[in-house]
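Single-letter residue listing:
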Amino acid sequence: MKFDQGTGARYIDKELCRKCGLCVKACPYFVEKFPPIRKVVMGDRREIIKCALCHGYEDGPACVAVCPKKALSVE
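Remember, it's a predicted structure, so these values are computed and weren't measured experimentally.

Participant: Could you clarify how one ought to interpret the overall build of the chain in this entry?
Facilitator: Per the secondary structure count, the chain includes two helices and four strands. Going residue by residue from the N terminus, the α and β elements of the chain occur as β-β-α-β-β-α. Reported as C-alpha extents along the three principal axes, the dimensions of the chain are approximately 35 × 25 × 25 Å. Counting only carbon and sulfur atoms, one obtains 56% of the accessible surface of the chain, whose full area is about 6400 Å². Treating the 14 positive side-chain charges of the chain as one cloud and the 9 negative ones as another, the clouds have centres 8 Å apart.

As structure tokens, this is what we get:
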């Protein structure tokens, strides 16, 4: 996990991730319906996915940009 001080995003460094899933087990914010970090299987690959606030995109999170009711924000 890395932290972008400019945006406040926490994101997975894909170069360093071993896909062991320990971060999933350690996450203090785990909820059953929509866990913020989770292990998924894509075909024959395991992946760890987490919302990274669209880290690397100039316009910020896409969900905020496309929300029709403007119910989302990032502060």
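From this point, things continue past the structure.
Participant: In this structure, what is going on with the pattern of salt bridges? I would like to understand it.
Facilitator: Between side chains of opposite charge, a pair can form when the charged atoms approach closely. Following the criterion strictly, the structure yields three salt bridges and no others. Among the ionic pairs, Asp13 bridges to Lys2, the shortest N-O distance being 2.9 Å. In this pair, Asp13 sits in the loop between strand 2 (10–11) and helix 1 (22–26) while Lys2 sits in strand 1 (residues 2–3), placing the two residues eleven residues apart along the sequence. Residue Asp13 is classed as buried on the basis of its relative accessible area of 16%. Among the salt bridges present, the one from Glu47 reaches Arg45, with a minimum N-O distance of 3.5 Å. A network of salt bridges, in which partner residues are shared, links Lys14, Arg45 and Glu47.

Participant: What is the right way to look at the nonpolar core in this model?
Facilitator: For soluble globular proteins, the rule of thumb is that nonpolar side chains tend to be buried together. By size, the foremost hydrophobic cluster in this structure holds five residues: Ile12, Val24, Cys27, Ile37 and Ile48. Apart from residues lying up to four places away in sequence, Val24 is in contact with Ile37, Arg38, Lys39 and Ile48.

Participant: Please explain unusual backbone geometry as it appears in this structure.
Facilitator: The phi torsion of most residues other than glycine is negative, and most of the peptide bonds are trans. For Lys19, which is not a glycine, the phi torsion comes out positive at approximately 60°. Non-glycine residue Cys54 carries a positive phi angle of around 55°. One can find Cys54 in the loop between strand 4 (45–50) and helix 2 (62–66).

Participant: Explain the environment of Ile12 to me, please; I cannot follow it from the model alone.
Facilitator: Take Ile12: it is sitting in the loop between strand 2 and helix 1. Discounting chain neighbours no more than four positions away, the residues touching Ile12 are Met1, Cys17, Ile37, Ile48, Ile49 and Lys50.

Participant: Sorry if this is basic, but what is going on with the environment of Arg18 here?
Facilitator: Tracing the sequence through the fold places Arg18 in the loop between strand 2 and helix 1. C-alpha separation for the pair Arg18 and Glu47, spaced 29 residues apart in sequence, amounts to 9.2 Å.

What counts, and at which threshold
Residues numbered from 1 in each chain as written. Predicted model: local features only at pLDDT ≥ 70, side-chain atom pairs only at ≥ 80, totals over all residues. Heavy atoms only, no water. Helix = DSSP H or I, 4+ residues; strand = E, 2+ residues; numbered from the N terminus. Areas by Shrake-Rupley, 256 points an atom, 1.4 Å probe, with all protein chains shown as cover. Lys, Arg positive; Asp, Glu negative; His and termini not counted. Charge placed at Lys NZ, Arg CZ, Asp CG, Glu CD. Salt bridge = Lys/Arg side-chain N within 4 Å of Asp/Glu carboxyl O. Buried < 20%, exposed > 50% of the residue type's maximum accessible area, 1.4 Å probe, protein only. Core = buried A, V, L, I, M, F, W, Y, C linked by side-chain atoms within 4.5 Å. Contact = heavy atoms within 4.5 Å.

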